[in-house]
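# Descriptive structure summary
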Amino acid sequence: MLAKLIPHMLPVSIIWELELGWLNTLEETDEPWLAHKPAAKKSISLSISEYQNCSTSQQNEEQSNVANLVMEKDLKHLCQLIEMKDGGPTWIQMMDHSIPGMRYQAWRRHPKTGPPQYHARTVFEDATPEMVRDFFWDDEFRGTWDAMLAYSAIIDECLITGTMIVQWIRKFPFFCSDREYIIGRRIWELDGSYYCVTKGVPCSSVSRRTKPRRVDLYYSSWCVRAVESRMGDGLSACEVLLFHHEEMGIPWEIAKLGARHGMWGTVKKFEPGLRAYQKARASGVPLSRPALMAQITTKINPGFPRSLGVDDNSSETEAPPNSTNRSSGSKIPKLLIFGGMFMLACSIERGILTMAFISGVARKFANLRQSL
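Note that the structure is a prediction, hence the values are computed from the model and not measured. (Residues numbered from 1 in each chain as written. Predicted model: local features only at pLDDT ≥ 70, side-chain atom pairs only at ≥ 80, totals over all residues. Heavy atoms only, no water.)

The next thing to look at is the overall build of the protein. Regarding its fold elements, the protein presents 13 helices and 11 strands. When the 372 residues of the protein are sorted by exposure, 55% land in the buried category. Carbon and sulfur atoms form 52% of the exposed surface of the protein, whose accessible area is close to 16,600 Å². (Helix = DSSP H or I, 4+ residues; strand = E, 2+ residues; numbered from the N terminus. Buried < 20%, exposed > 50% of the residue type's maximum accessible area, 1.4 Å probe, protein only. Areas by Shrake-Rupley, 256 points an atom, 1.4 Å probe, with all protein chains shown as cover.)

Take the confidence of the model for the protein next. In the predicted model, the protein carries a mean pLDDT of 74, and 62% of its residues have values of at least 70. Scored below 50 in pLDDT, residues 320-362 shows 49 contacts in the model against residues more than four places distant or in partner chains. For the stretch residues 368-372, pLDDT sits under 50, and the model shows 8 contacts to residues farther than four places along the chain or on other chains. (pLDDT = per-residue confidence, 0-100. Contact = heavy atoms within 4.5 Å.)

Following the criterion strictly, the structure yields 17 salt bridges and no others. Here arginine 225 ties to glutamate 239 by a salt bridge, and the two come within 2.8 Å at their closest N and O atoms. Of the two residues, arginine 225 is situated in strand β9 (residues 218-227) and glutamate 239 in strand β10 (residues 237-246); the sequence distance between them amounts to 14 residues. Its relative accessible area of 26% is what places arginine 225 among the partly exposed residues. One network of salt bridges, in which partners are shared, links Arg121, Arg225 and Glu239. (Salt bridge = Lys/Arg side-chain N within 4 Å of Asp/Glu carboxyl O.)

Here we come to the side chain of lysine 171. As for its placement among the helices and strands, lysine 171 is situated in the loop between β5 (164-170) and β6 (179-190). A polar contact is formed between the side chain of lysine 171 and the backbone oxygen of alanine 147, at a distance of 2.7 Å. (Polar contact = N/O pair within 3.5 Å; in protein donor to acceptor, adjacent residues only side chain to side chain.)

The subject of this paragraph is the environment of arginine 109. Residue placement: arginine 109 occurs in strand β2 (residues 102-109). Spatially, the C-alpha atom of arginine 109 lies 8.9 Å from that of glutamine 93, the residues being 16 residues apart in sequence. At 2.5 Å, the side chain of arginine 109 forms a polar contact with the side chain of aspartate 86. In this structure the side chain of arginine 109 is engaged in a polar contact, spanning 3.2 Å, whose partner is the backbone oxygen of proline 89.

Time to look at the nonpolar core. By size, the foremost hydrophobic cluster in this structure holds 48 residues, and its most contacted members are Tyr104, Phe124, Val132, Phe136, Trp222, Val224 and Met263. Considering each element in turn, this core owes the most residues, 5 residues, to helix α6 (residues 129-137). By size, the runner-up hydrophobic cluster in this structure holds 19 residues, among which are Ile82, Trp91, Tyr195 and Leu241. (Core = buried A, V, L, I, M, F, W, Y, C linked by side-chain atoms within 4.5 Å.)

Per the counting criterion, the structure on display carries 13 aromatic pairs. On the basis of an interplanar angle of 70° and a centroid distance of 5.9 Å, the ring pair of tryptophan 137 and tryptophan 222 is categorised as edge-to-face. Here the residue tryptophan 137 occupies a position in helix α6, and tryptophan 222 occupies one in strand β9, the gap between them amounting to 85 residues. Seen from their ring centres, tyrosine 181 and tyrosine 218 are 5.2 Å apart, and the 70° between their planes marks the pair as edge-to-face. Here tyrosine 181, found in strand β6, pairs with tyrosine 218, found in strand β9; they are 37 residues apart in sequence, far enough to count as distant. With respect to class, tyrosine 181 is no different from tyrosine 218; both count as buried. (Phe/Tyr/Trp six-rings, centres within 6.5 Å; stacked < 30°, edge-to-face > 60°.)

What follows concerns unusual backbone geometry. The omega torsion of the bond from lysine 211 to proline 212 falls at -5°, within 30 degrees of zero and hence cis. The topology assignment puts proline 212 in the loop between β7 (193-200) and β8 (213-214). With phi around 55°, aspartate 126 is a residue other than glycine that occupies positive phi space. Inspection of the secondary structure puts aspartate 126 in the loop between β3 (117-124) and α6. The class of aspartate 126 is exposed, set by a relative accessible area of 60%. Phi angles above zero are rare outside glycine, and aspartate 191 is one such case at about 50°. As for its position among the elements, aspartate 191 is in the loop between β6 and β7. According to the relative accessible area criterion, aspartate 191 is exposed, its value standing at 72%.

On to helix α9 (residues 270-282). For α9, built from 13 residues, the straight-helix expectation of 18 Å at 1.5 Å per residue is met to within 8% by its first-to-last C-alpha distance of 18 Å. Inspection of α9 places Phe270, Glu271, Gly273, Leu274, Arg275, Tyr277 and Ala280 among the buried residues, and these make up the whole buried set. Among the residues trailing α9, glycine 284 stands out with phi positive, at a value near 90°. (Expected span 1.5 Å × (residues − 1).)

Take helix α5 (residues 72-82) next. Among all positions in α5, only Asp74, Leu75, Leu78, Cys79, Gln80, Leu81 and Ile82 are buried. Lining the buried residues of α5 we find β2, β6, β7, β9 and β10. Two residues or fewer after α5 comes methionine 84, characterised by a positive phi angle close to 60°.

With that out of the way, let us pick up the pairing of β3. Within β3, 7 of the 8 residues are buried, which leaves it mostly tucked inside the rest of the structure. Bridge count between β3 and β10: 7 bridges; the pairing is antiparallel. From the neighbouring strand, histidine 119 faces β10, where its bridge partner is phenylalanine 243. (Pairing = 2+ DSSP bridges.)

Shown next, in the form of C-alpha cells:
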C-alpha cells in the first residue's frame, strides 16, 4: 500500500509498478484530499519508412551517443540475476496469485545498501514473447491500462541497436510531487527469448526541476520467453522474469509495506491490458514508435550466457511461505505503523501535514493490519 500513499518503472516495472500500486487504490476512494487530476498523455507514432530512410551518418552518430548508455555489461548483469548468480541476498517470496490467463509470483530482498529489490515471474497463457515484449515497451498503449503514467516521450534513439532514451512522468498523490524518470532501454535476443534492460541514465538535454522530482536510481529489467502452457498444448504461454528497484525518496520500510499490499492490485491489470493489446494488433492498428523500436534487437552470441564468469556466491530463492508463516509475518507492530506515518509526514515535500490527515492515514494502516 506504500505505492498508494506515495508512489518508474518500472519501468514497469512492468512491477513494474510494484511500489506504486497502493496509491492507485487510494485514488479510487471518496476522500476529497486524494483528488488528483491526471496530466495529458503524449502519444507518438512513426512509419516504418522513416526508419528505412535514416542516413548512415545519422545512425553512426546515434550509435555512439545513445547505444553506449545501455551496453553488454547491463545484459550480463541481467543474466546473472536470472540465473540467481549475482551474489545477492536470499529472495523471500511475497505472493503467488492466479487469474484466468495469468499467474503471478513475486519475491523481495533488501541488500545491505540501496532500496528494496523485487523479482517477479508472470506467465501469460496464449501469448507470444514478441507480443508481450511489444506490450511492455509500448508507452503509447500503456496509457490505456497504467493510470499512473501521466506523460511519456522519446528523447533520443539509436536505429541500429534499438536503444532508446525516454522520459516518464508518473503521478503521485497531491501531497507528494510527481516523479520524473529518464530511462535508457535496449533489447537483446537469443533463440526467441528477449532480454529487455531499462535503467535510469543521465541526460543533459532535459533540465532537472524541483517538480516533478527526478528519480536517478532506477532499474527495471526482464526476460521474456516462451514456456509450456498449463493447458498442455506446448509452448503457447509466455514467461516474464522481472527484476526491479528504484530510489523514490520514500522511507524503505514504508515502501516495502506498500509494495506488499498494493502490488497485486497493479499487476492484475496486466492481463486485461495484454488482451486488449492483442486485439488492437490483430485489427491492424499501426504500430506506435516504441513498438517499432522494440523490434530492433541485438542478437546475442549463443555462447554468451556460458561465458558470464559470474561470482561463486549465488543468491537463493525462498520457497513459498506456508499459512503459518504468512500469518506471523503479517503482524505489523504498532510502532511501525505510527512510526511509518511520522516518517511519511517528515518526507513530504509540500510542508507539514495536518494532524487530522496523519490520523486518517494511520487509521487506514490500522484497518489494513486488522484485515491481514
